[in-house]
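Summary of the model geometry
These are the residues of each chain, in order.
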Amino acid sequence: MSLADLHCHSTFSDGRLTPTELVDLAYRNGVRIFALTDHDIVDGLPEAFETAARYDDFTLIPGIEMSTDVPGNEVHILGHFIDWHDDAFLGRLRRLQESRVGRARLMVERLVELGKPVAWERVQSFAGDGAVGRPHIALALVEAGHVSSVNEAFNLYLSRTGPAYVQRDRLTPEEVIGLLLGVGGIATLAHPRELLAAGNLESLLEQLKGAGLTGMEVYYQDYLPDEIETFRGMAERHGFIPLGGSDYHGLGGPQQREPGNIPLPMEPVEQLLELARERGALERARVAHAR
Ligand code: AMP
Ligand code: FE
Ligand code: FE
Ligand code: ZN
């Protein structure tokens with residue numbers, strides 16, 4: 001178990017736990033430095049900060065995970081220590097939310113055409129007030145009995161190459177890193193394994209470095225020791241801080257790890273905090289862990 005977890009999702013995107021439940025679970029698991037990183041939304045942060053204030057030895061970092069697209073692939077970028085009150089940033093996120101709704105509706109239409117109908121109301125209900133995404137459609141497919149699990153829903157219909165897939169608004173990694181740096185954030189590449197298959201990860205890392213990327217997830221979810229070694233080597237070669245998180249969603253599945261259940265060492269986390277301090281961004285976190 002690690003004292004830190006820098007990547008988790010709540011009900012404000014596609015996680016199953018509320019920010020309060022998530023912070024409480026992370027704390028119970030021994031996590032003392034935590035980031036809430038919902039997909040393209042920051043609306044869960046007020047509740048997370050409120051809950052974090054119950055603990056006198058718990059650091060909460062305001063975060064977000066943003067989806068970007070490169071030809072043939074999807075690249076997720078984490079932003080930590082963002083100024084999440086910035087009006088222009090909030091406006092941009094609101095437009096992204098709206099485009100997610102339109103795109104989810106199109107995917108529901110595709111499923112109807114495929115003879116696997118789900119009700120839009122059910123998708124909406126699984127999404128609640130948060131950012132609607134493919135996992136909510138997957139849950140509706142499970143509920144309707146068309147598939148037996150969320151994973152099967154992705155494998156048969158919702159993956160990038162699946163018959164019901166529809167693209168979101170396309171943002172390049174450069175645009176997103178620019179947005180995150182614009183609100184004082186520190187940008188980290190999420191789950192690099194998904195990018196290995198395309199075969200040009202090294203050149204992508206070069207490209208992201210040029211755009212202002214600082215960190216790279218290395219200690220992630222179910223990554224095995226030899227994968228961690230591979231990614232740690234890559235991070236080192238490109239000068240990225242080797243960070244990580246559980247990416248806990250609470251939806252189950254064999255790859256799921258609980259908050260803190262990752263081998264993330266504290267040294268890179270301290271490096272991240274130090275960088276935030278240098279940039280004057282540390283004050284946006286609630287810093288209260290024993291050092
Ligand atoms: P969206 O942002 O709507 O495109 O949905 C992307 C989210 O779907 C990811 O962040 C994951 O949470 C989830 N996801 C992607 N692929 C899978 C998969 N094969 N099985 C389960 N969840 C997945
Ligand atoms: Fe997700
Ligand atoms: Fe992701
Ligand atoms: Zn995530």
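The text that follows walks through the structure, step by step, so that each part is easy to find. All figures in this text were calculated on a predicted structure; none of them were measured in a lab. (Residues numbered from 1 in each chain as written. Chains lettered and ligands numbered in written order. Predicted model: local features only at pLDDT ≥ 70, side-chain atom pairs only at ≥ 80, totals over all residues. Heavy atoms only, no water.)

Moving on: the coordination of the zinc ion (ligand 4). All of the protein donors around the zinc ion (ligand 4) are H7 (NE2), H9 (NE2), E65 (OE) and D247 (OD); their distances to the metal are 2.0 to 2.2 Å. Bound by four donor atoms, the zinc ion (ligand 4) shows angles of 80 to 167° at the metal and therefore irregular coordination geometry. In terms of primary sequence, the donors binding the zinc ion (ligand 4) are separated according to H-x1-H-x55-E-x181-D. A separation of 4.5 Å is found between the zinc ion (ligand 4) and the iron ion (ligand 2). Within this pair, whereas H7 is found in the loop between β1 (4-5) and α1 (19-28), its partner D247 is found in the loop between β7 (241-245) and α11 (266-278), the two being separated by 240 residues in sequence. The buried category is assigned to H7, whose relative accessible area is 0%. (Donors = N, O, S within 2.8 Å, 3.2 Å for Na, K, Ca; no water. Tetrahedral: all angles 85-135°; square planar, octahedral: opposite > 155°, others 65-115°. Helix = DSSP H or I, 4+ residues; strand = E, 2+ residues; numbered from the N terminus. Buried < 20%, exposed > 50% of the residue type's maximum accessible area, 1.4 Å probe, protein only.)

Okay, the pairing of strand β5 (residues 186-189) next. Here β5 shows a buried face lined by I186 and T188 and a second buried face lined by A187 and L189. By the bridge criterion, four bridges tie strand β4 (residues 73-80) to β5 in an arrangement that is antiparallel. Considered in β5, the bridge of G79 is made with A187. Across two bridges, β5 lies against strand β6 (residues 215-220) in parallel orientation. Looking at β6, one finds that T188 is bridged to G215. (Pairing = 2+ DSSP bridges.)

Moving on, we get to the side chain of H9. Relative to the elements of secondary structure, H9 occurs in the loop between β1 and α1. Taking relative accessible area as the criterion, H9 reaches 0% and is therefore assigned buried. At 3.2 Å, the side chain of H9 forms a polar contact with the backbone oxygen of T37. Not counting chain neighbours up to four residues away, the residues in contact with H9 comprise D14, G15, L22, L36, T37, D38, H39, E65, D247, Y248 and H249. (Polar contact = N/O pair within 3.5 Å; in protein donor to acceptor, adjacent residues only side chain to side chain. Contact = heavy atoms within 4.5 Å.)

Next up on the list: the pattern of salt bridges. For the structure on display, the rule yields 14 salt bridges. Among the salt bridges present, the one from R32 reaches D57, with a minimum N-O distance of 3.4 Å. Here R32 is found in the loop between α1 and β2 (33-36), whereas its partner D57 is found in the loop between α2 (45-52) and β3 (59-70), with 25 residues between them in sequence. The partly exposed category is assigned to D57, whose relative accessible area is 22%. R100 is the partner of D40 in a salt bridge, and the nearest nitrogen-oxygen pair spans 3.1 Å. Separated by 60 residues along the polypeptide, D40 in the loop between β2 and α2 and R100 in helix α3 (residues 87-113) bring together distant segments of the chain. Both residues of the pair, D40 and R100, belong to the buried class. Overlapping salt bridges bring together D69, E74, R134, R160 and R168 as one network. (Salt bridge = Lys/Arg side-chain N within 4 Å of Asp/Glu carboxyl O.)

Relative orientation of the contacting elements helix α9 (residues 201-211) and helix α10 (residues 225-238) amounts to 40°, with a least axis distance of 11 Å. The pairing of α9 with α10 is recorded here as oblique in orientation. The hand of the α9/α10 crossing is right-handed. Counting all contacts with α9, which are made through L201, E202, L205, E206 and K209, the residues of α10 involved are F231, M234, R237 and H238. In terms of residue class, the contact of α9 with α10 is built from four nonpolar, one polar and four charged. (Axes fitted to C-alpha atoms, helices over the stretch in contact; angles between N-to-C directions. Parallel < 35°, antiparallel > 145°, perpendicular 65-115°, else oblique. Left-handed = near helix turned anticlockwise from the far one by under 90°. Nonpolar A, V, L, I, M, F, W, Y, C, P; charged D, E, K, R; others polar.)

Moving on, we come to unusual backbone geometry. The phi dihedral of Q221 falls on the positive side, at around 40°, and the residue is not glycine. One can find Q221 in the loop between β6 and α10. On the basis of relative accessibility, which here comes to 13%, the residue Q221 falls in the buried class. You will see that D247, though not glycine, has its phi angle at about 55°, which is positive. Overall, D247 belongs to the buried group, its relative accessible area being 6%.

Now for the sheet that holds β7. Hydrogen bonds between backbone groups are what pair the strands of a sheet, and the pairing can be parallel or antiparallel. If you trace the seven strands from one edge of the open sheet to the other, you get β1-β2-β3-β4-β5-β6-β7, paired in mixed fashion. Only two strands of the sheet have a single partner each, and these edge strands are β1 and β7.

Take the coordination of the iron ion (ligand 3) next. Six octahedral donors around a metal ideally sit at 90 or 180 degrees from one another, while four tetrahedral donors ideally sit at 109.5 degrees. For the iron ion (ligand 3), every protein donor is listed as E65 (OE), H76 (ND1) and H191 (NE2), and the spread of their distances is 2.0 to 2.2 Å. Within one chain, the residues donating to the iron ion (ligand 3) are spaced in sequence as E-x10-H-x114-H. In this model, the iron ion (ligand 3) sits 5.4 Å from the iron ion (ligand 2). Residue E65 is found in strand β3, and its partner H191 is found in the loop between β5 and α8 (193-196); the two are separated by 126 residues along the sequence. Comparing E65 with H191 shows no difference in burial state: the two are buried.

Geometry only, nothing functional implied.
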